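A look at the structure
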Amino acid sequence: MADCLFCGIAAGEIPADVVYRDDSVLAFRDIDPKAPVHILIIPRKHVAGVMDLEDEDGAIMGQAMTVARRVAADSGVSESGFRIVVNTGQDAAQSVQHIHLHLLGGRALSWPPG
């Protein structure tokens, strides 16, 4: 999608601190981190949000979770713990309309979030 920030990052048109990439998923550091480790994991395919997922997108989202496991290990938070968040819609503070996982770790996280 031409006006999507994350599509521009996935295409290499907008710079990002990329920590992982493959044919279907990209992971990069958040520019406004909320934890010492704050990495965004996106499918390269544009999907606006959870409610826009199609049945065939299951494999891509499964790959995103697998990448989250790998990135957590590479970032040193797999043993201490981390959180994966998917914000969906305006009331959940989804600021970019391209589905993405937030991987947060590197400190004790409180509950409830928000």
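Summarised in this report is the structure supplied together with it. Since we're looking at a predicted model, the values are computed, not measured.

Conventions and cut-offs
- Residues numbered from 1 in each chain as written.
- Predicted model: local features only at pLDDT ≥ 70, side-chain atom pairs only at ≥ 80, totals over all residues.
- Heavy atoms only, no water.
- Salt bridge = Lys/Arg side-chain N within 4 Å of Asp/Glu carboxyl O.
- Helix = DSSP H or I, 4+ residues; strand = E, 2+ residues; numbered from the N terminus.
- Phe/Tyr/Trp six-rings, centres within 6.5 Å; stacked < 30°, edge-to-face > 60°.
- Buried < 20%, exposed > 50% of the residue type's maximum accessible area, 1.4 Å probe, protein only.
- Pairing = 2+ DSSP bridges.
- Axes fitted to C-alpha atoms, helices over the stretch in contact; angles between N-to-C directions.
- Contact = heavy atoms within 4.5 Å.

Bringing the pattern of salt bridges into the picture now. Taken as a whole, this structure holds 4 salt bridges when the rule is applied. The closest approach of N and O atoms between Asp57 and Lys45, which form a salt bridge, is 2.5 Å. Taken together, the residues Asp57 in the loop between β3 (37-43) and α2 (58-74) and Lys45 in the loop between β3 and α2 connect sequence positions 12 residues apart.

Glancing now at unusual backbone geometry. A cis amide bond links Trp111 to the next residue, Pro112, at an omega of 5°. Checked against the element boundaries, Pro112 lands in the segment after β5 (101-105). The phi dihedral of Ala93 falls on the positive side, at around 70°, and the residue is not glycine. Tracing the sequence through the fold places Ala93 in the loop between β4 (82-85) and β5.

With that settled, the discussion passes to the packing of aromatic side chains. Evaluated as defined, the whole model comprises 1 aromatic pair. Measuring from centroid to centroid gives 5.5 Å for Phe6 and Phe28, while their planes differ by 75°, and the two rings are edge-to-face. Separated by 22 residues along the polypeptide, Phe6 in helix α1 (residues 5-10) and Phe28 in strand β2 (residues 25-29) bring together distant segments of the chain. The exposure class of Phe6 is buried, given its relative accessible area of 4%. Residue class for Phe28 comes out buried when judged on its relative accessible area of 4%.

Turning next to the sheet that holds strand β1 (residues 18-21). Sheet architecture is open: 5 strands sit in the order β1-β2-β3-β5-β4, paired in antiparallel fashion. With one partner strand each, in any of the chains shown, β1 and β4 form the two edges of the open sheet. Within this sheet the neighbouring strands show an average axis-to-axis angle of 20°, counted without direction. Note: β4 against β5, 4 bridges, orientation antiparallel. Across the sheet, Arg83 pairs through a bridge with Leu104, a residue of β5. Relative to the sheet, α2 contacts β1, β2, β3, β4 and β5, its axis offset from that of β2 by approximately 40°.

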